[in-house]
Amino acid sequence: MLHQKNCLVRRQRLLLALAIFVVFAGTSSGQAIVSNIPVSGIFNDNSSNGISKFAINPTTNRAYVVTEIIVWDGGHDSRRRTIQVVDLATHAAIASIDAGEQILKIVVNPTTNRVYALEESSYQDFIHVIVIGGDTNQVLTRILVPENTCDLAVNPVTNRIYGVQGFTDESVSPSVQKLQAFVIDGATNTVIGGTAFYPHHWGYGIAVNPVTNRFYVLNTTGDDGLLVFNGETNELEKSVSNAALHVNGVVQMDLNPNAGKLFILSNRGEGPLWSTAVLAVVDVNTNEPISILPIGNSQGVRDFAVNSTTNRVYVVHGPYCCSPGAYYVLAEFDGNTNSSVSRTILLNDAAQVDTLGIAVNSQTNRLFINRKKFLSVFDPVDATPPYLFVSDSTVEATSSAGASAYYSAYASDNSNVSPAIECSIPSGSTFPIGTTTVTCRAVDASGNQSAPQSFAVHVVDTTGPNLTLPDTIFTDAVNAFGAVVNYVASASDAVDGDRPITCSPTSGATFPVGETVVNCAATDAKGNSTSSTFRVFVLGSNEEATATGDDVTVHSSDSGLTLTYYYVDQPGVTTIAPIDPGTIGETPSGFAVSGIAYEIHTTSAGAADNGVSLSFVVPNSATMSQAEFESLRVLHNTKGTLEDVTNGHDYANRTVFAYTYSFSPFYLVRSVETKIETLFDRSTPYKVGSTIPIKIQIRNRGTNANLSSSSLKVTARSLKRLGSSAASLTVIDSGAANPDSNFRYLGNSIGGTYIFNLSTKTLSAGSYALSFYVGDDRSVFYTVKFEVK
């Protein structure tokens, strides 16, 4: 019991040390109370009721206020604590939570919306951390923690709660004061470890930096004033002496992770600052003190709070007396410049208004001060002017009068309200051609003005005339020379109006068959020129025009092939030309080549990006059965690979459908049960002049059975050179070994094989395909491919 009281007694002595007669020279009333929120009206009222600790959740904008009430029990009273939940938006208490006999500290984790209250009992030998759900305002659990725990802090990133204790170890002689910090897992609500015990130290306060995962402990015994621990290992990283901090009789500390600063409030400083309270500022990146701020000629500091958004520090100290009455002082400091900003006198009144603590909502920037029976709400006075940023602006003239200019002028302020910007000429006004000077200033919500700044708006004329040209023109050739094409082109300048235009070829000229690019140009009075082009297509008999838009269909009456483009970025001309199907190269297994193949070319940009539908009206297919017709397939050559792109058949209209995403040769083939197996070496090219022994077998595609026999004739059809220099060549057998262009059957003794001894004497280096018929059916054929060097 004695150890437990030591922690509380130390805190009370530090808080109640007061200096009476104080004069503040040049003190300004920097803050104003905007409202008072009652916090004790729902309890049994008593003149001794008072508010002690409280905390704010900036995310939910709720305050958790510890109040004292009198409970009558059998003719005597006892004092208990409740935690009132106050909605700071509506200024109303919305819940009350029983908090036991004594609350030393209350903290909030805004990430998990959990509230943690440090509960101590003077009648029972225990101390708890009360865990409250911020959504239900109900006590979730109580965590038993070490005796003499004096302070709590929360790391919202790791969801860990840190406590610190200071106690006298009487198990040794002589007794030794010790310090230890411990860790609570916020997910499991269990104590999961702590630091080592440090003799000749006394833990008094604790703070956590969620950015660096370090925690800081105040020590009130010995030379070490501040201990810095690693939040991952709980090991001591550094200690800072009281002499370096210039503090004596520490009250508490708070940390701003956004600014990287730790603030330590002390009843008095060291040396020349002994007679004044001080605020020590520590850089948490180096853990070194960087400034000592005198608070005033007072040891009666009550509480302080840090706004992590604005980095303003607010300290309450007092009371003082006597004229014009008892009062407290609210001191405001700029944590960025480590300088004093303002002091505000807070008068007591007959209703025993007291000043016990302070907190700030860093999202609304509002201050809240405990005043015994209510919370006083402050909108901090802003004495800092906004920052104005301007820059020169250049716009293009849109008429002879100039242009409407929307220039760049931005302002920022230390509050959450955007400053207003006032300019000599409003943005969006019409500025004449040339340079105009504009002067602006920024004014924030508190009336603070930035210094005026000027910038230039340049209105220039650097753009040439706008050309109005025809869309792509399509016309049919009227003779071998092409066709006469007439068109209309014009030019207009934003400043100078209509301008002359020149085009080549001129309107009315004879355009040849094919595509012609027409070049046009115009110049304004300042010499700015513009040029552009459009296209003229004079179509031949096998060409059709394509326009821009969705579902563009091109039909070739000669081929019976219809193409549908699902989007065309730019119009052009599509040519559908028949090609020798023998250029297919190697016939894929299970297919036989028909006599239909087309090369499709288009100058329409983006024609195949969204897909192209093809439909073949198959000629000479009226006598086909439905099964025969549906065995037809469309093979598409994509980068050298033949792909089956068939996606349907219409037997009634004798049409085969396909779908692809590119243009290249298309072949109409038949799905068959036979396949060609090559037995000659094609791993290396054959030399020009040599004989190529083209050996093949005819096999069943499904069973792989050899169908080759002396009764099944294989006849050479044609020889094609492939590639850019494609050509049809004569099939020559070497030494007249294959009369009538028939493959020679070698007999069953070698597995049923055909051979054609192909002469290469008339060939040159390149890729070739030899096509051949199997049996008497001349409607389809097969091919094999080889190389010659």
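See the structure above.
Here the structure is a predicted model, which means the values were calculated and not measured. (Residues numbered from 1 in each chain as written. Predicted model: local features only at pLDDT ≥ 70, side-chain atom pairs only at ≥ 80, totals over all residues. Heavy atoms only, no water.)

(A) Here's a closer look at the environment of Val108. Structurally, Val108 can be placed in strand 6 (residues 102–109). When the C-alpha atoms of Val108 and Val154 are compared, they prove to be 7.1 Å apart, with 46 residues separating the residues in sequence. Leave out the neighbours within four places in its chain, and Val108 touches Ala55, Ile56, Asn57, Tyr64, Arg114, Val115 and Val154. (Helix = DSSP H or I, 4+ residues; strand = E, 2+ residues; numbered from the N terminus. Contact = heavy atoms within 4.5 Å.)

(B) Examining the packing of aromatic side chains more closely. Within this structure, the stated rule accounts for 16 aromatic pairs. On the numbers, 5.8 Å between centres and 65° between planes, the contact of Tyr198 with Phe229 is edge-to-face. Residue Tyr198 is found in strand 14 (residues 198–199), and its partner Phe229 is found in strand 17 (residues 224–230); the two are separated by 31 residues along the sequence. A relative accessible area of 17% means that Tyr198 is categorised as buried. Ring centres of Phe743 and Phe756 lie 5.2 Å apart, and the angle between their planes is 50°; on these two criteria the pair is classed as tilted. Taken together, the residues span a long stretch of sequence, with Phe743 in the loop between strand 61 (727–729) and strand 62 (744–745) and Phe756 in strand 63 (residues 754–759) at a distance of 13 residues. Like Phe743, the residue Phe756 is buried in the burial classification. By the ring-pair criterion, three or more aromatic residues cluster together here, those being Tyr162, Tyr198, Phe215 and Phe229. Sitting above the plane of the Phe781 ring, Arg717 keeps its charged end 4.0 Å from the centroid. (Phe/Tyr/Trp six-rings, centres within 6.5 Å; stacked < 30°, edge-to-face > 60°. Buried < 20%, exposed > 50% of the residue type's maximum accessible area, 1.4 Å probe, protein only. Lys NZ or Arg CZ within 6 Å of the ring centre and 35° of its normal.)

(C) Structural context of the sheet that holds strand 27 (residues 357–361). With respect to topology, 4 strands assemble into an open sheet ordered 1-29-28-27, the strand pairing being antiparallel. Each having just a single partner strand, strand 1 (33–38) and strand 27 make up the two edges of the open sheet. Averaged over neighbouring strand pairs, the angle between their axes works out to 25° when direction is ignored. Where strand 27 meets strand 28 (residues 366–370), 5 bridges bridge the pair, whose relative direction is antiparallel. Its bridge partner lying in strand 28, Ile358 is registered against Ile369. (Pairing = 2+ DSSP bridges. Axes fitted to C-alpha atoms, helices over the stretch in contact; angles between N-to-C directions.)

(D) Up close: the side chain of Thr516. Locating Thr516 in the fold gives a position in strand 45 (residues 514–523). Apart from the residues within four sequence positions on either side, Thr516 is in contact with Pro505, Phe511, Phe534, Arg535 and Val536.

(E) The arrangement of the environment of Val284 in detail. Its location among the elements puts Val284 in the loop between strand 21 (277–283) and strand 22 (288–296). Between the C-alpha atoms of Val284 and Thr212, which are 72 residues apart in sequence, the distance is 8.6 Å. In this view, Val284 contacts Asn209, Arg214, Tyr216, Leu255, Gly260, Lys261 and Leu262; residues no more than four positions away in its chain are not counted.

(F) Region of the structure containing the sheet that holds strand 20 (residues 261–269). One open sheet holds the 4 strands; their spatial order is 19-20-21-22, and the pairing between them is antiparallel. Each end of this open sheet is capped by a strand with a single partner; those strands are strand 19 (247–256) and strand 22. Strand-to-strand twist across the sheet, computed as the mean angle between neighbouring axes with direction ignored, equals 20°. Note: strand 21 against strand 22, 7 bridges, orientation antiparallel. Bridged to Val281 within strand 22 is Ser291.

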